[in-house]
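# Inside the fold
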Amino acid sequence: NGPVGIAIGNNRAVYITDSCNDRIRVLVGSARTGRPEVATIAGSSPGFADGPTANAKFNTPTGIAISSEGLLVGDSGNRRLRLIEKHLEYPWGPVSTLAGTVEADLHDGPLSEATFVQPTALAVHKDGTVFVADGNAIREISGDISKTVKTISSDPRGLADGELANSRFNRPSGLALDRNGDLLVADSENRLYRRLSASNKGAAITAEQIAAMKDTA
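For the structure given in this document, a descriptive report is provided here. (Residues numbered from 1 in each chain as written. Predicted model: local features only at pLDDT ≥ 70, side-chain atom pairs only at ≥ 80, totals over all residues. Heavy atoms only, no water.)

## Remarks on the environment of Ile-152
The condition is simple: Counting from the N terminus, the helices are the DSSP runs of H or I reaching at least four residues and the strands are the DSSP runs of E reaching at least two. The rule is simple: take the accessible area with a 1.4 Å probe, protein chains only, and divide by the maximum for that residue type; under 20% is buried, over 50% is exposed, in between is partly exposed.
You can see Ile-152 is positioned in strand β13 (residues 148-153). For Ile-152, a relative accessible area of 14% puts it in the buried group. Sequence spacing of Ile-152 and Ser-167 is 15 residues, and the spatial spacing of their C-alpha atoms is 9.1 Å.

Below you can see the structure in the form of structure tokens.
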């Protein structure tokens, strides 16, 4: 009911945020029949609860990505980034909060202090950096020893290319990384497909070019 985010694992399993059902689910081939089967990893009724997957609760989860630690989930209704840990002893769990609180704000800092507005989409770089589409902002989680949240393109909503500090988005809803390490952004309310260069260099485009791209979309 309203599946929004997907991530594909090395085992070809497809992980899905079943947003309106407030569940994290997986589509994988059955060991018995070989046919695709859907199973719920975590979630039940809407709410907030960390702990074993059977007890964990989400509120409109949207973004999902795979990291070295497990499944990262943008729990948009709870304004939190959640982690479903991967263990050798059993398939998944427990669920924990990586960052975020009940407060809706773009506050940067250590994971324990950072806040989000509405984490919607996620992407994980091969170096472990996590990118988050949060409201109208693009945020980054990085750090070798102590990870921190940093806003790299902030509010207010708008449309502006160029250097990251001056760029603006309007409800970005999808993120992906290409082979060059550039971040690709589905800028939904601007109806544009954008790119954040790994070199932090941007080339502004004209209003006429933007209009032409929208007309041909």
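## Description of the pattern of salt bridges
Rules: Only one rule defines a salt bridge in this text: a Lys or Arg side-chain nitrogen within 4 Å of an Asp or Glu carboxyl oxygen.
A complete count under the given rule lists eight salt bridges for this structure. Here Asp-134 ties to Arg-139 by a salt bridge, and the two come within 2.8 Å at their closest N and O atoms. For Arg-139, a relative accessible area of 0% corresponds to the buried category. A salt bridge links Arg-194 to Asp-187, with the nearest nitrogen and oxygen atoms 2.6 Å apart. Overall, the relative accessible area of 7% leaves Arg-194 in the buried class. Given a relative accessible area of 0%, Asp-187 falls into the buried group. The network of salt bridges with common partners includes Asp-50, Asp-75 and Arg-82.

## Comments concerning the packing of aromatic side chains
Test applied: To pair, rings of Phe, Tyr and Trp, with the six-membered ring standing in for Trp, must have centres within 6.5 Å; the planes then decide the type, stacked if under 30 degrees apart, edge-to-face if over 60, and tilted in the middle. Note on geometry: a ring has a charge over it if NZ (lysine) or CZ (arginine) is within 6 Å of the ring centre and within 35 degrees of the ring normal.
Evaluated as defined, the whole model comprises one aromatic pair. Judged by centre distance (5.5 Å) and plane angle (80 degrees), the rings of Tyr-15 and Trp-92 are edge-to-face. Of the two residues, Tyr-15 is situated in strand β2 (residues 14-18) and Trp-92 in strand β8 (residues 92-99); the sequence distance between them amounts to 77 residues. Accessibility classification places Tyr-15 together with Trp-92 in one group, the buried group. A cation over a ring is seen here: Arg-139 above Phe-116, with NZ or CZ 4.9 Å from the ring centre.

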